[in-house]
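Chains, contacts and geometry: an overview
Residue strings, one per chain:
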Amino acid sequence: MRILVVEDEPLLADAVAQGLRHEAHAVDVVYDGGSALERIDVNDYDVVVLDRDVPVVHGDKVCQVLAERNAGIRVLMLTAAAGVDDRVTGLSLGADDYLPKPFAFRELSARVAALGRRARPAAPPVLRRSGISLDPYRREVHRDGRYVPLSRKEFAVLAELLRADGTAVSAETLLEKAWDENADPFTHAVRMTILKLRRKLGDPPVVLNEPGVGYRIR
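Residues numbered from 1 in each chain as written. Predicted model: local features only at pLDDT ≥ 70, side-chain atom pairs only at ≥ 80, totals over all residues. Heavy atoms only, no water.

Naming follows an unreviewed UniProt entry, where the protein appears as Two-component system response regulator of Actinoplanes awajinensis subsp. mycoplanecinus.

**Concerning the UniProt feature "modified residue: 4-aspartylphosphate" (unreviewed entry) in the protein**
Here, the residues flagged by UniProt with the feature "modified residue: 4-aspartylphosphate" (unreviewed entry) are D51. Relative to the helices and strands, D51 is located in strand 3 (residues 47–51). With a relative accessible area of 2%, D51 lands in the buried category. Not counting chain neighbours up to four residues away, the residues in contact with D51 comprise V6, E7, D8, G59, L78, T79 and K101. (UniProt positions renumbered as here; feature names shortened; annotations may be inferred. Helix = DSSP H or I, 4+ residues; strand = E, 2+ residues; numbered from the N terminus. Buried < 20%, exposed > 50% of the residue type's maximum accessible area, 1.4 Å probe, protein only. Contact = heavy atoms within 4.5 Å.)

**Points about the environment of A17**
Examined against the element boundaries, A17 turns out to sit in helix 1 (residues 10–22). The sequence separation of A17 and V49 amounts to 32 residues, and the corresponding C-alpha distance is 9.8 Å. Not counting the four nearest positions on each side in its chain, A17 is found in contact with V27 and V29.

**Description of the side chain of R2**
Relative to the elements of secondary structure, R2 occurs in strand 1 (residues 2–6). Within the structure, the side chain of R2 is placed 2.9 Å from the side chain of D28, a separation counted as a polar contact. (Polar contact = N/O pair within 3.5 Å; in protein donor to acceptor, adjacent residues only side chain to side chain.)

**A look at the pairing of strand 10 (residues 207–210)**
The sheet contact formed by strand 10 and strand 11 (residues 214–217) spans four bridges and is antiparallel. Directly across from V207, in strand 11, lies its bridge partner I217. The antiparallel pairing of strand 10 with strand 11 creates a hairpin that spans three residues between the two strands, and G212 there sits at a positive phi of about 80 degrees. (Pairing = 2+ DSSP bridges.)

Here it is in structure tokens:
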């Protein structure tokens, strides 16, 4: 998934981002609400992890803007205020879920994953096609019963291809979903990752190149 973390405590924001990246998500980080709105204008996010009390533009306003746009972006609101009234207010502004501070990263990760499933069309828990099975929760890939060890980027790219269910996915879309905003749009990262993925999945080849369109699973 493509995730935006909006948190004005840099150590916390960076720790959350690092944890989510370890789970093969593409994560961008900003430290105020104004920067969050700028990123949302140019990037297609699945989930925004939003601290309610960020400066410049308050988190409540950021949440309202997202709700008014109806962009399909899911919002997990974080706050040090854990009272019932605070939670109700946050949810009424358009947040999809609410997590009080302090929190355990495992819980945040599980909530982000649940919101991501709601942000996308329904998909089977285990993605399967052409003898390949990918379990997004156990983070395991098998081909014809053989375990295939993949890097985080390879796993993320394969997951996007499997979700497309045989439809071609452009290199631009793969770059957007599996890398963060610091990725060079002219990089060969997608092509190199596809080459490594093909090699690890073995023969016969199942990742096909549609010239001028993108990549797909046979």
